[in-house]
Every structure is written in C-alpha cells, then in structure tokens.
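# Coordinate analysis (summary)
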Amino acid sequence: MTPTRKTMLLKILLIAGLSVLLCGEAYFGYRVSTLSKHQEEIKEDYSVANNITFGIFSVDQWREKIAKVVDGKISDFDMTAEQKKDLQEKVEKQLNGLVNKAVAEVNKPQKSIGGKLKKLAFNALVDTDDLHAQVPSFASTIVNRINRPASKKRLKSIVTSKVDQLEKETYDNTKPASATVSSHIYSKYRVSNAGDFEKTINSKLITIRKQTYNYAYAVVGCVLLALCLWLLMKKQVSLHTPLYILSLLFAFILLLVGITATIIEVDARIQSLNFTLLGEKLAFQNQVLFFQSKSILGIIKALIDQPKPDAILVGILILLFVVILPVLRMIGKGIQIWGKDKYAENNVVRYLAFDLGKWDMADVMVVGIAMTYIGLNGILKSQLSNLNIHEEVLSTVTQNNTSLQPGYFIFVGYVAYAGILSLILKRITPIETKSATAKM
C-alpha cells in the first residue's frame, strides 16, 4: 500500500471513529440537558407543593392539626379517680359558697313584715350546719351524674360543636391555592396524598440524579478519548487538520451542554418542625423556604427579562463574553487550521483564532459561579442555623441543599478543553503564521 493511500485510509478511519464518538457525546450531552430540565421541573413542583406559605405559614394547616388534636382529646376523655376527687372538691366549694350566700341574703335586715316573717321561719326551720354537712353528698351525686355515659356523650357533643364552630370561623387565603396544588400537582404525578407524593418525588429524583451523572461522565469520557488521539497522532502531521476540526466540534458540544444544563441549585428548607400541644406533637415536614435552579442560559434570560436596564446590560454582556465569543473563537480556529493560506493569513481570522481569547470570559464565569456558590452556601448555613430550635415544646431542624450541578462541571470541562485546544493550535500552526501573529 502506497503512503498516500495509507494516509487516506487512516484519515477515513480517524474521521469515522471520531464521528461515532462525537455522536455519542452529542447524545449523552442531550440527555444531560433534558434530565437537568426534568429535574428542575420536578423540584419546582415539589417546592410549590411544600412551600412554607401552604404549611407553617398557613392558618388552615394549623387549624386542621390543632382541631385534630382537640377532637382526639375530647373523644378519648375520661375522668381518672384523681380528677374526680379534684372535681368533687371544686363542686363542694361552690355549693358551700352558694349556701353561705343564700344564708347571708336571708339574714340581711328586713324592713317589711313579710321579709321579717321569712327570716324568722328560715332561722327556725333551716339548720345551716346541716346544709353544709350535706354538701359532700350533693357534690358526689353531681360528679357521678357527670360521669354517666349519656352525660359524657352530651358534654363531648357540646365541646365538639364549639370546636367545629371555631374551626369554621378560622381560615386564611391559602385554602384555594393549596386546593389547586393538591388537584393539579398531585394528579400530575398520579398520587392522592402528601405521603405518596413525597415517595414518588424522592424516587424520581434519585433516578434522575444517577442517570444525569452517568451521562455527564460519558460526555467527559468521550472528550478524554478525543484528547488521547492527539497523543497517538502527534507525529501524523497529515491527520492534524481533520483531528483538530473534529476536536472543535467536541468543544462546541461541551459548551452547548454546559450553558443549557443546570449549573447551580439553591434549596433552603425547614426539614422538620415539631410543636407540642396538649401532650400531642404537631409536625410539619420538608417546608421549602426558597428554591431556585438555573443554567447559564437561564441566568441570561432572567437578567434580560428584568425591567431594569443595568440587569439587561449584564445579561447581554454574559451572553456576549460567555457564549458568543467562545463560538467565534472556535470558528476562527477552524478557519485557521482548515482554510487556504489566504484565509489563514487573514487578519480577522488570526485575531479570532489567537487574540480573541483575552475577551473570552468563560473562565471568569467558572470562577464567578464557584464564588457565588461558596457565598450563598455560607450565608444560607449561617441564616438557617439561627432557625434551629431545640426546646421541650418546640423544635425545628433546617436543611441546606444548595449544590453545584453537572452542568457546571461540564462547563468547567469545556474551559479546560478549549485551553488545551488553543495550546495545540499554537503547536501545529506553521511557523510563519505564528511569526505573523506575533507582529500584530
């Protein structure tokens, strides 16, 4: 086989192999982006359903929980021997007070003849000491009648009706919203109650997280394999051009996935709140204080959608320096390595390929996101720690789930890979081109 044919065959095999690898990277990257969006949607639904407005801050929720405890206490109510004794003492005290009050009323000075006759008859026929002596018997009879099944049933019915009346009069404006959440979000996930919703969401999120990271590892693996080919082909000068062009496509996919997949999640919640009432615990679980999940494109869109000019300007600058300029750099590099001499020597092409890097802020974005994460994480930990309460009546446990997501690490991979490609371009570019560039 002649050297020319051998070179052509190697070139075909290289292009075919890298094309397959590129298709694999594109598929894995697509799955990372779609799974990130799916995870974001699920967590947003969860944050709405478990928002603190519909939980701890909802009068309706407190009303229902308190009413349930009170109803349970009423239904289970039964006097102990000690309570009966205490009640009898209180009844005796009241009856003795009534006797004393009645005697004092009769014995007041009377002006009329009828009044004087009634006073005389009362003192002659009624023995006050005898009345006081009969008080314990009367009190015992009253207590026994109260503890009859029929009497307790009537008392419970009266108390329950009053509690129900108070419950109906106590409400807030979250009821329609919480009802909408129950009917819409629960039906979306085919569940009927909060317990099933929690299990379904947790199961889905665990699966999605595992799949997302597996696909992210696959994306990085494809790029590393492409880089390994440079070590194998560094002496095959004739293969450098197609290898570099395809390497640029690998970088473009990395950039595309890095800016579309979720890069950071901010999730602050009250994991549990327990309040003791009448010996029973009122519990709230996983109350979401704040949730936000963004990709780089999501950040740009959020800034541009703001009514403030300064926010719009920042969004446009991020779009320009983090998305558009890196793409222009890749185009310039491609033309520089692929084009004829007249294109490779063009001042604009050389500027795009070699000098535009000083305006490319992708690496600055990496540092900025990392610093934002560190800052937010620290602030949330500090603030949430102030909400942790451990007392006998009230206890709360907060949770900070803020984290960097696979999209961030893929974007970091793009920045590192783009830097390596820039070094490779300088090494494989003809000496005269480098010299011309140095004179600019």
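See the structure shown above.
Residues numbered from 1 in each chain as written. Predicted model: local features only at pLDDT ≥ 70, side-chain atom pairs only at ≥ 80, totals over all residues. Heavy atoms only, no water.

### Remarks on the packing of aromatic side chains
Stated formally: Only centres within 6.5 Å qualify two rings of Phe, Tyr or Trp (six-membered ring in Trp) as a pair; their planes then separate them into stacked at under 30 degrees, edge-to-face at over 60, and tilted for everything else. Buried residues are those whose accessible area, probed at 1.4 Å on protein chains only, stays under 20% of the maximum for their type, while exposed residues exceed 50% and partly exposed ones sit between those limits.
Enumeration over the complete set of coordinates arrives at 10 aromatic pairs. Taking the centre distance of 5.8 Å and the plane angle of 70° together, the rings of Tyr-189 and Phe-197 count as edge-to-face. For Tyr-189, a relative accessible area of 10% translates into the label buried. Taking the relative accessible area as the measure of exposure, Phe-197 reaches 1% and is therefore buried. The rings of Tyr-46, Tyr-186, Tyr-189 and Phe-197 are connected pair by pair, giving a single aromatic cluster.

### Notes on a nonpolar patch on the surface
As a reminder, the rule being used: Any residue with relative accessible area above 30% and no salt bridge may belong to a patch, with like charges joined within 9 Å and the nonpolar Val, Leu, Ile, Met, Phe, Trp and Tyr side chains within 5 Å. Per-residue and other accessible areas follow the Shrake-Rupley method at a 1.4 Å probe size, with only the shown protein chains counted as cover for residues. Salt bridge criterion: a side-chain nitrogen from Lys or Arg within 4 Å of a carboxyl oxygen from Asp or Glu. Labels follow the DSSP assignment, with helices taken as runs of H or I lasting at least four residues and strands as runs of E lasting at least two, numbered in each case from the N terminus.
A surface patch of nonpolar side chains, amounting to about 530 Å² of accessible area, comprises Leu-313, Leu-317, Leu-320, Ile-324, Leu-328, Ile-331 and Ile-335. Along the chain, the position of Leu-313 falls in helix 11 (residues 309–338).

### Considerations on empty space enclosed by the protein
Where empty space is left in the structure can be found by rolling a water-sized probe over the atoms. Using the following cut-off: Detection works on a 1 Å grid of protein atoms alone, calling trapped sets that fit a 1.4 Å probe cavities and calling open sets with protein on both sides within 12 Å along at least five of seven lines pockets, with lining residues defined by an atom within 4 Å of a point. Grid points are joined across faces, edges and corners, and a volume is the space filled by probe spheres set on the points. Any residue that is not Ala, Val, Leu, Ile, Met, Phe, Trp, Tyr, Cys, Pro, Asp, Glu, Lys or Arg is counted as polar, Gly included; the first ten are nonpolar and the last four charged.
For the structure on display, the rule yields one cavity of 30 Å³ or more. For the largest cavity, the full set of lining residues is Leu-248, Ala-251, Pro-326, Arg-329, Met-330, Lys-333, Asp-360, Tyr-414, Ala-418 and Leu-421. Among the elements of the structure, helix 9 (240–260), helix 11 and helix 15 (406–428) are those that each provide at least two residues to the lining of the largest cavity. Here the lining of the largest cavity takes four residues from helix 11, the largest share from any one element. Taken together, the residues of the lining of the largest cavity sort by class into seven nonpolar, no polar and three charged.

### Regarding the environment of Val-412
Its place among the elements puts Val-412 in helix 15. For the pair Val-412 and Val-367, spaced 45 residues apart in sequence, the C-alpha separation works out to 9.4 Å.

### What about the pairing of strand 1 (residues 262–277)?
Inclusion rule: Strand pairing is assigned whenever DSSP identifies at least 2 bridges connecting the two strands.
With 12 of 16 residues buried, strand 1 is to be regarded as a mostly interior element. As paired elements, strand 1 and strand 4 (residues 394–400) share seven bridges and run antiparallel to each other. Bridge pairing in strand 4 places Phe-275 opposite Leu-394.

### Things to note about unusual backbone geometry
Backbone geometry at Arg-190 places phi at a positive 55°, although glycine is not the residue there. Looking at the element boundaries, Arg-190 is found in the loop between helix 7 (175–188) and helix 8 (194–233). Accessibility expressed as a relative area gives 79% for Arg-190, which makes it exposed. The phi dihedral of Asn-286 falls on the positive side, at around 50°, and the residue is not glycine. The buried category is assigned to Asn-286, whose relative accessible area is 15%.

### A closer look at the side chain of Thr-212
Let me state the cut-off plainly: Two residues qualify as a contact provided that any one of their heavy atoms is within 4.5 Å of a heavy atom in the partner residue.
By the secondary structure assignment, Thr-212 is in helix 8. Dropping the residues within four chain positions of it, Thr-212 is found in contact with Val-32, Leu-35, Ser-36 and Pro-406.

### Some words on the nonpolar core
General note: in soluble globular proteins, nonpolar side chains tend to be found buried as a group. Quick note on the threshold: Joining through side-chain atoms within 4.5 Å is the link that ties buried Ala, Val, Leu, Ile, Met, Phe, Trp, Tyr and Cys residues into a set, and such a set is a nonpolar core.
Residues Leu-18, Phe-197, Phe-250, Ile-296, Phe-411, Tyr-414 and Tyr-417 are the most contacted members of the largest nonpolar core, which totals 67 residues. Here the element with the most residues in this core is helix 8; it accounts for 14 residues. When near neighbours in sequence (up to four residues on either side) are disregarded, Phe-411 contacts Leu-255, Gly-258, Ile-259, Ile-296, Val-322, Ala-362, Met-365 and Val-366. Grouped together as the second largest cluster of nonpolar side chains are five residues, Ile-52, Ile-270, Leu-273 and Phe-284 included.

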